[in-house]
Amino acid sequence: MATPMRFLVLGRCFHGLNHCQSHSFQRFKALSLTFQSKGAFTSSADSTVYRIPKNRIPAFVDFLQIRACGGAGGQGLPKFGGFGGDGGKVIVMAKKKIKTLRQVLQKYPRQMCKASTGQNSDKFHLLGENGEDIIVQVPVGVLVHRPDGSIVDLNQENELCVLAHGGVGGNHTTNFLGVKGEENLIGLELKLLADVGLVGFPNAGKSTFLKAISRAKPKIAAYPFTTISPQLGQMEYDDGRVISVADLPGLIEGAHQNYGMGIKFLRHAERTKLLLYVLDINPFQLSHKYPERSPFETLLLLNKELDEYGHGMVDKPSILALNKIDTDESGKSLARLLDLIKNLPASLDQISEDLHPSHLVQFDEILTMSALNNDGLTDIKDKIREVMDVHAELRRAEELSKTEALSRFENVHKEQSKRRLV
Ligand SMILES: Nc1nc2c(ncn2[C@@H]2O[C@H](COP(=O)(O)OP(=O)(O)O)[C@@H](O)[C@H]2O)c(=O)[nH]1
Ligand SMILES: [Mg+2]
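None of these values were measured; they are calculated from a predicted model.

Asks: Account for the overall build of the chain, with residues named and values stated.
Replies: Along the chain, the regular secondary structure elements total seven helices and 14 strands. Relative to its 422 residues, the chain shows a buried fraction of 43%.

Asks: An account of the sheet that holds strand S8 (residues 183–190) is needed here, citing residue identities and associated values.
Replies: Here we have five strands laid out as an open sheet, ordered S3-S1-S8-S5-S6, and mixed in their pairing. For this open sheet the edge positions go to strand S3 (112–114) and strand S6 (151–154), each flanked by a neighbour on one side alone. Direction aside, the axes of adjacent strands within the sheet are offset by 25 degrees on average.

Asks: Describe the sheet that holds strand S4 (residues 134–139), and please don't skip the residues or the numbers.
Replies: Ordered in space as S4-S2-S7, the three strands form an open sheet in which the pairing is mixed. Each end of this open sheet is capped by a strand with a single partner; those strands are S4 and strand S7 (160–164). Neighbour-to-neighbour, the strand axes of this sheet turn through a mean angle of 30 degrees, independent of strand direction. The pairing of strand S2 (residues 90–95) with S7 spans four bridges and is antiparallel. Among the inter-strand pairings, methionine 93 is bridged to a residue of S7, identified as leucine 160.

Asks: Explain the pairing of strand S10 (residues 231–236) to me, and be specific about the residues and the numbers.
Replies: Side chains of S10 alternate between two faces, with Gln231, Gly233 and Met235 buried and Leu232, Gln234 and Glu236 left unburied. With six bridges connecting them, S10 and strand S11 (residues 242–247) associate as antiparallel partners. Counted as the bridge partner of glycine 233 is valine 245 from S11. Once S10 ends, the chain turns through five residues before running back antiparallel as S11, passing glycine 240 with a positive phi of about 95 degrees.

Asks: Which residues make up the environment of proline 317, and what values go with them?
Replies: Inspection of the secondary structure assignment puts proline 317 in the loop between helix H5 (295–309) and strand S13 (318–323). Given 21 C-beta atoms within a 10 Å radius, proline 317 is considered buried. Taking the C-alpha atoms as reference points, proline 317 and valine 196, 121 residues apart in sequence, are found 9.8 Å from one another. Residue contacts for proline 317: discarding those within four places in its chain leaves Lys273, Leu274, Asp364, Val387, Met388 and His391.

Asks: Give a description of the pairing of S11 that names residues and reports values.
Replies: Strand direction decides the pairing type here: strand S9 (residues 196–199) and S11, joined by three bridges, are parallel. Residue glycine 197 lies in a different strand from S11, and its bridge partner there is alanine 246.

Asks: Report on helix H6 (residues 332–342), specifying residues and quantitative values.
Replies: Three or more residues of H6 are buried, namely Ser333, Leu337, Leu340 and Ile341. Each buried residue of H6 lies within a common arc of 100 degrees when the element is viewed along its axis, so the set occupies one face. Away from the buried face of H6 by more than 90 degrees, exposed residues Lys332, Ala335, Asp339 and Lys342 are located. On its buried side, H6 packs onto H5, S13 and strand S14 (365–368).

Asks: Which residues make up H5, and what values go with them?
Replies: Across its 15 residues, H5 extends 21 Å between first and last C-alpha, which sits within 8% of the 21 Å expected from 1.5 Å per residue. Count one or two residues on from H5 and you reach glycine 310, which has phi positive near 85 degrees.

Asks: Could you give an account of the nonpolar core, with specific residues and numbers?
Replies: Core analysis: the largest hydrophobic core is formed by 82 residues, its most contacted members being Leu276 and Ala321. Here this core gets seven residues from one element, more than from any other, and that element is H5. Excluding residues within four positions of it along the chain, leucine 276 makes contact with Val196, Leu198, Ile319, Ala321 and Ile384.

Asks: Any chance you could break down unusual backbone geometry for me, citing the residues and the numbers?
Replies: Of note, the amide linkage connecting leucine 344 to proline 345 takes the cis form, showing an omega dihedral of 0 degrees. Secondary-structure assignment places proline 345 in the loop between H6 and S14. Non-glycine residue asparagine 175 carries a positive phi angle of around 60 degrees. Residue class for asparagine 175 comes out exposed when judged on the 9 C-beta atoms lying within 10 Å of it.

Asks: Give a description of the environment of aspartate 148 that names residues and reports values.
Replies: Of note, aspartate 148 is situated in the loop between strand S5 (142–145) and S6. When the C-alpha positions of aspartate 148 and asparagine 184 are compared, they lie 9.8 Å apart, and in sequence the two are 36 residues distant.

Asks: Tell me about the environment of serine 207, and name the residues and values.
Replies: Considering the arrangement of structural elements, one finds serine 207 in helix H3 (residues 206–213). When the C-alpha positions of serine 207 and aspartate 247 are compared, they lie 6.7 Å apart, and in sequence the two are 40 residues distant.

What counts, and at which threshold
Residues numbered from 1 in each chain as written. Chains lettered and ligands numbered in written order. Predicted model: local features only at pLDDT ≥ 70, side-chain atom pairs only at ≥ 80, totals over all residues. Helix = DSSP H or I, 4+ residues; strand = E, 2+ residues; numbered from the N terminus. Buried ≥ 20, exposed ≤ 12 C-beta atoms within 10 Å, placed from the backbone. Pairing = 2+ DSSP bridges. Axes fitted to C-alpha atoms, helices over the stretch in contact; angles between N-to-C directions. Contact = placed C-beta atoms within 7 Å. Arc of directions from axis to C-beta. Expected span 1.5 Å × (residues − 1). Core = buried A, V, L, I, M, F, W, Y, C linked by C-beta atoms within 7 Å.

Structure representation (structure tokens):
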């Protein structure tokens with residue numbers, strides 16, 4: 001069933017501030033949300049590190065503030081012209097073995113990293129030794145927000161960035177006094193690096209799918225918001241290839257307008273190579289406050305939410321998985337839905353305008369499955385791989401043609417300058 005279809009959606013995002021049980025947790029969230037909406041935070045506004053209370057560490061930490069203090073320089077010895085050692089630096093380094101920011105928080109519970117001071121000069125050691133650097137190991141995929149607003153992306157093993165330089169050791173230019181080290185408030189933001197992102201409204205069967213195709217053990221239940229933090233799973237193929245899948249929970253109608261918490265997790269989908277839209281083929285009602293939506297309306301709404309979020313979500317390679325086909329014994333519900341999808345955009349006329357996304361997603365494949373009964377999953381796995389490879393090939397060809405065009409241009413340019421010389 002390979003019906004490529006045009007679907008709608010784009011815009012700005014807002015972040016929801018809710019589901020906070022305590023004041024302190026609220027503050028942490030507010031902080032991380034301020035930072036999310038600003039894209040960076042200023043050192044003046046956030047002069048104190050917000051400490052995550054030890055008894056309330058969230059299961060999934062995707063933003064962490066750290067105070068980084070470079071070591072002070074050691075004192076020089078003016079009498080003998082001795083130099084103090086330089087203070088140590090605080091460095092952050094991406095390491096594959098570190099999987100979460102929670103691990104970083106556990107290692108530095110005070111959210112403070114202080115490098116050691118340079119050694120003072122004395123008459124036996126005229127040149128004081130430099131202070132030791134501190135290397136904070138973080139997961140690959142962390143973005144470092146520096147106080148000047150710049151962002152450093154650590155997406156390769158061993159990539160590093162200096163958070164705070166140490167002070168210079170005392171010497172003749174400093175009157176032999178050691179200089180204080182830098183003190184910076186740094187934001188560490190984790191964006192998961194997964195190949196595939198699962199998007200869908202609550203109860204669609206995302207966690208069930210993730211559990212069925214990987215060894216991940218997400219919580220599954222027949223009520224919305226069972227999964228409250230992103231879950232990662234590895235999907236293995238017979239030839240040994242592994243594709244990682246992230247379940248991004250909680251998208252709901254109006255998420256981009258501050259409802260729910262789903263949009264907060266969408267940033268983890270920004271780096272995925274493919275989005276798998278999981279849609280229940282049965283009508284869906286989040287709660288009595290919301291109207292019941294037909295599967296087609298739910299699909300449009302999902303498209304709309306992703307469009308409003310922006311960041312090119314609707315332009316990503318995507319597959320639509322129509323789930324719970326086991327519940328549709330007569331096949332009527334599925335047939336109706338496919339019919340509506342096939343007749344887009346004409347079928348939009350039957351739907352209220354406020355559900356229309358402004359850009360329709362272009363699905364590479366539309367497939368059916370029953371995540372619960374393991375039905376159709378092999379097909380989906382194969383298609384995911386195929387679509388990812390086709391798009392990777394297209395990207396490569398695009399880049400190649402760009403470089404070729406560039407080198408052709410350079411050759412012409414060289415020829416012309418030669419002619420001018422003659
Ligand atoms: N009949 C049926 N139920 C399913 C299927 N997939 C998921 N469910 C059920 O739908 C409910 C919500 O599933 P879950 O995976 O937690 O949804 P999520 O909120 O999208 O993660 C659970 O009760 C699942 O057992 C399916 O293919 N068929
Ligand atoms: Mg779930």
